[in-house]
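Each chain, written out:
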Amino acid sequence: MDWTALWLSVRLAAATTMVLLIVGVPVAYWIVFSPRRWKFLVEAVVALPLVLPPTVLGFYVLIAIGPLSPVGRAYARLAGHGLPFTFQGLLIASVLYSLPFAVQPFSAEFASVDRRLLEASWSLGVSRLATFRRVVIPLSVRGLVTGIVLSFAHTLGEFGVVLMVGGNLPGTTRTVSISIYDAVQALDYAAAWRTSLLLLVVSFAILAATYALQRSVWIKTRV
Amino acid sequence: MDAALDIAIDAGAMLVVFGPSGAGKTTLLRQIAGLDRPARARIAVGGEVWCDTAAGVWVPPQRRRVGVVFQQPTLFPHLTVGDNIRFGIAGPGRGSGPSPNVAGIAALLGVEALEKRHPRELSGGQAQRVALARALATGPRLLLLDEPFAALDAPTRARLRRDVRALLHATGTPAILVTHDRGEALAIGDLLAVVVEGRVRQTGAIADVFGRPADAEVAASLGVEAVLPARIVGAAAGIVDVAVEGVVLHVAERDPLAPGTQVYACIRAEDVTLETGSAITASTRNHLGATVVSISSEGPIDRVALDCGFPLDALITRRSRDELRLAAGARVTAAVKATSIHLVPRD
């Protein structure tokens, strides 16, 4: 078993989920509550990773953070090294790749909060932001949990994007899915078996726990 | 809706906006509350302009300090009753308002014992009481009510109406209520604005508007009844005596009403029969000496306006008019059965 790769995948998934929680909630808020007509364009962009081949997404990210792009050059000047084939570069790619898995459950849940509750809150003198914090967020716990879990599980299993952006550096960018690929390439089927089974069991356990939680009473905040 | 509504509501008084469903009453309330933005309007309350599309003025709902109660209670389901009631108090932008007596409001509405419960554990009436307490707890300068009693059963509705009136008087909050239920308008209103075909057609004290509708359409939308301010003066064996302008009427009333209670006595014009000459013996309880003021034709039916000490209309057929030889100034006896008079208590 490639414990280094597994640990790297868990760290990457956790970091990606954290970033997506911070970035995804405002994006979902904007998508749901903005009166802008062209917001469907943003929704489409957010959903792109669902249909785009991971290699295409990975290719564009690689170009965007590479030494030929202004972003890549600026980062390289500040950090002393480039983004491609680093954990940070992998993180950026993972966040983009898992964006719909966080934003879509968030926005679906925000949108399902009864609008009259928001109006009641505004009429009581509570600002839009405070209403979001005090009414929308507490009533969207299910959607937030779903988005967090899906982001984590999706990042844990990503392959194509990682390969394009991160390459295959042990301890830095070799994630668990790449280690399985390597094992199969090396005809080490026993190692591939063990790691694949572990990934399968962990993914199933996470999803099962999430769906079980959503049925339980303590999270049922809605009447 | 074309609403030219310029009206002074006293502290603790209630303006009822009355009109059919779909007339735009709810939109009017939502625009006053700042929840809907009108395309072209000017809204000013208490000398403060909240919306003036010509001048580009728009005050968001948070800074209007209005209490809003919808038909559905819309309580925050994740908070207890107590946290619901206090929801708007800690909020910013409320500093300048008078600090209301939250415990007193909760006690008046009878919800202080529900403090720890969640909204899903409340009955419809209790939930609406909590919604009222929440709206009043912030000390609003105006309370807006959108058919708040429509979803409740009749006894609950009557009790809650009484309590709301008491609460408005206790807190001195002026209120606007929209409804399509004329019984509700009569039971709770002080002032009345009548909406017909999307326009406010008449405003005024409720008895004045019912007593003197501005035109036939307003009269039709208010219904065909005469609505007479009256007072209970006696009660015995299922019959109560009410005084209307000094004339005592006998009314069959199942619910006991204490003497001194202020009521509206409602009499439909088709329930008033006319007699001339000496009184005949009949089961009718009320025989009122009256003078014919005018007669107007409504198709095959004539509407006879009477002065019985108070104004009253009778609908009779043209043939009856001819047989009775009625004309303006004639003396007649107006007969009304005790079961045809409907009383609406005022408090």
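Cut-offs applied
- Residues numbered from 1 in each chain as written.
- Chains lettered and ligands numbered in written order.
- Predicted model: local features only at pLDDT ≥ 70, side-chain atom pairs only at ≥ 80, totals over all residues.
- Pairing = 2+ DSSP bridges.
- Helix = DSSP H or I, 4+ residues; strand = E, 2+ residues; numbered from the N terminus.
- pLDDT = per-residue confidence, 0-100.
- Contact = placed C-beta atoms within 7 Å.
- Buried ≥ 20, exposed ≤ 12 C-beta atoms within 10 Å, placed from the backbone.
- Arc of directions from axis to C-beta.
- Expected span 1.5 Å × (residues − 1).
- Bend = angle between axes of the 7 residues up to and from the residue.
- Axes fitted to C-alpha atoms, helices over the stretch in contact; angles between N-to-C directions.
- Domains from an automatic or database assignment.
- Nonpolar A, V, L, I, M, F, W, Y, C, P; charged D, E, K, R; others polar.
- Parallel < 35°, antiparallel > 145°, perpendicular 65-115°, else oblique.
- Left-handed = near helix turned anticlockwise from the far one by under 90°.
- Core = buried A, V, L, I, M, F, W, Y, C linked by C-beta atoms within 7 Å.

What follows covers the sheet that holds strand 4 (residues 57-58) of chain B. All names here are of chain B. Spatially, 2-3-4 is the arrangement adopted by the three strands of the open sheet, whose pairing is antiparallel. Of all strands in the sheet, those bounded by a partner on one side alone are strand 2 (42-45) and strand 4. By the bridge criterion, two bridges tie strand 3 (residues 48-52) to strand 4 in an arrangement that is antiparallel. Within the sheet, the bridge partner assigned to Cys51 lies in strand 4 and is Trp58.

Quick look at the confidence of the model for chain A now. Any residue range with low pLDDT should be treated as having predicted coordinates unsuitable for detailed reading. Looking at chain A, the pLDDT average stands at 89 and 96% of residues meet or exceed 70. This stretch, residues 217-223 of chain A, has a pLDDT under 50; its non-local contacts, to residues over four places away or in other chains, come to 14 contacts.

All names here are of chain A. Inspection of helix 7 (residues 128-136) places Thr131, Phe132, Val135 and Val136 among the buried residues, and these make up the whole buried set. Projection of helix 7 onto a plane perpendicular to its axis shows the buried side chains occupying an angular sector of 105°, all on one side. Away from its buried face, by an angle of more than 90 degrees, helix 7 presents the exposed residues Leu129 and Arg133. Contact partners of the buried residues in helix 7: helix 1 (3-33), helix 5 (87-112) and helix 6 (115-123).

Turning our attention to helix 1 of chain A. Residue and element names in this part refer to chain A. Given a rise of 1.5 Å per residue, 31 residues ought to cover 45 Å, and the 44 Å separating the end C-alpha atoms of helix 1 matches this to within 8%. Its maximal kink placed at Gly24, helix 1 deviates by approximately 30°, while the proline Pro26 follows within four residues. Where helix 1 is buried, its residues contact helix 2 (39-51), helix 5, helix 8 (141-156) and helix 10 (176-185).

Moving on: the sheet that holds strand 15 (residues 286-298) of chain B. Residues and elements named next belong to chain B. Reading across from one edge, 14-18-15-16-17 is the order of the five strands in this open sheet, with antiparallel pairing throughout. The open sheet has two edge strands, strand 14 (272-275) and strand 17 (311-317), and neither has a second partner. Neighbour-to-neighbour, the strand axes of the sheet open up by a mean angle of 45°, direction not taken into account. Where strand 15 and strand 18 (residues 331-336) come together, six bridges link them in antiparallel fashion. Each bridged residue has a counterpart across the sheet, and for Leu288 the counterpart in strand 18 is Ala334.

All names here are of chain B. What the domain assignment lists for chain B is domain 1 (14-223) and domain 2 (226-345). On a C-alpha basis, the centres of domain 1 and domain 2 stand 35 Å from each other. Taken residue by residue, the interface counts six residues in domain 1 and five residues in domain 2. When grouped by side-chain class, the residues that make up the side of domain 1 that touches domain 2 number four nonpolar, two polar and no charged.

In this section: the interface of chain A and chain B. Listed per partner, the contact involves 17 residues of chain A and 21 residues of chain B. Ranked by the residues each element gives to the side of chain A that touches chain B, the list is headed by helix 6 of chain A, at six residues.

Residue and element names in this part refer to chain B. When pLDDT is averaged along chain B, the result is 85; 94% of the residues meet or exceed 70. When the criterion is pLDDT under 50, residues 91-97 qualifies, and its contacts beyond four places in sequence or with other chains add up to 14 contacts. Across the interface, the model reports ipTM at 0.80; the global pTM reads 0.78.

Looking now at the pairing of strand 13 (residues 262-268) of chain B. Residue and element names in this part refer to chain B. With five of seven residues buried, strand 13 is to be regarded as a mostly interior element. As judged from the seven bridges shared by strand 10 (residues 225-236) and strand 13, these two strands associate in the antiparallel manner. Its bridge partner lying in strand 13, Glu225 is registered against Arg268.

Residues and elements named next belong to chain A. Closest axis-to-axis distance for the helix 5/helix 8 pair is 8 Å, and the angle between their directions is 160°. In terms of axis orientation, helix 5 runs roughly antiparallel to helix 8. Like other packed secondary-structure pairs, helix 5 and helix 8 cross with a definite hand, here right-handed. Touching Ser94, Ser98, Phe101, Ala102, Pro105, Phe106, Ala108 and Glu109 of helix 5 are Arg142, Gly143, Leu144, Thr146, Gly147, Leu150, Ser151, His154 and Thr155, all from helix 8. Split by residue class, the contact of helix 5 with helix 8 holds seven nonpolar, eight polar and two charged.

The next subject is the environment of Ser123 of chain A. Mapped onto the elements of the fold, Ser123 of chain A is located in helix 6. Look at Ser123 of chain A and you get buried, because 26 C-beta atoms sit within 10 Å. C-alpha of Ser123 of chain A to C-alpha of Val25 of chain A: the two residues are 98 residues apart in sequence and 24 Å apart in space. Excluding residues that lie within four positions of it along the chain, Ser123 of chain A makes contacts with Ala33, Pro61, Val66 and Val68 of chain B.

Here we come to the packing of helix 3 (residues 54-65) of chain A against helix 5 of chain A. Residue and element names in this part refer to chain A. As a packed pair, helix 3 and helix 5 sit with axes 10 Å apart at the nearest point and diverge in direction by 135°. One element, helix 3, and the other, helix 5, form an angle in the oblique class. Relative to helix 5, helix 3 is oriented so that their crossing is right-handed. Between helix 3 and helix 5, the contacting residues are Pro54, Leu57, Gly58, Val61 and Ile65 on the first element and Gly89, Ile92, Ala93, Leu96 and Tyr97 on the second. In the contact of helix 3 with helix 5, the residues fall into eight nonpolar, two polar and no charged.

This part covers the environment of Ala41 of chain B. Residues and elements named next belong to chain B. Its place among the elements puts Ala41 in the loop between helix 1 (25-33) and strand 2. Separated by 11 residues in the primary sequence, Ala41 and Asp52 place their C-alpha atoms 5.9 Å from one another. With residues near it in sequence (within four places) discarded, Ala41 still touches Gln31, Cys51 and Thr53.

Note on backbone geometry: most residues besides glycine have negative phi, and most peptide bonds are trans. One non-glycine residue, Leu187 of chain A, lies in positive phi territory at about 60°. With respect to the helices and strands, the residue Leu187 of chain A is situated in the loop between helix 10 and helix 11 (189-215). Non-glycine residue Arg65 of chain B carries a positive phi angle of around 55°.

Further remarks concern the nonpolar core. Counting 143 residues, the largest nonpolar core has Val16, Ala133, Val242, Ala265 and Ala334 of chain B as the members making the most contacts within it. Of the residues forming this core, the biggest block, 12 residues, is contributed by helix 5 of chain A. Taken domain by domain, this core gets at least three of its residues from each of domain 1 (14-223) and domain 2 (226-345) of chain B.

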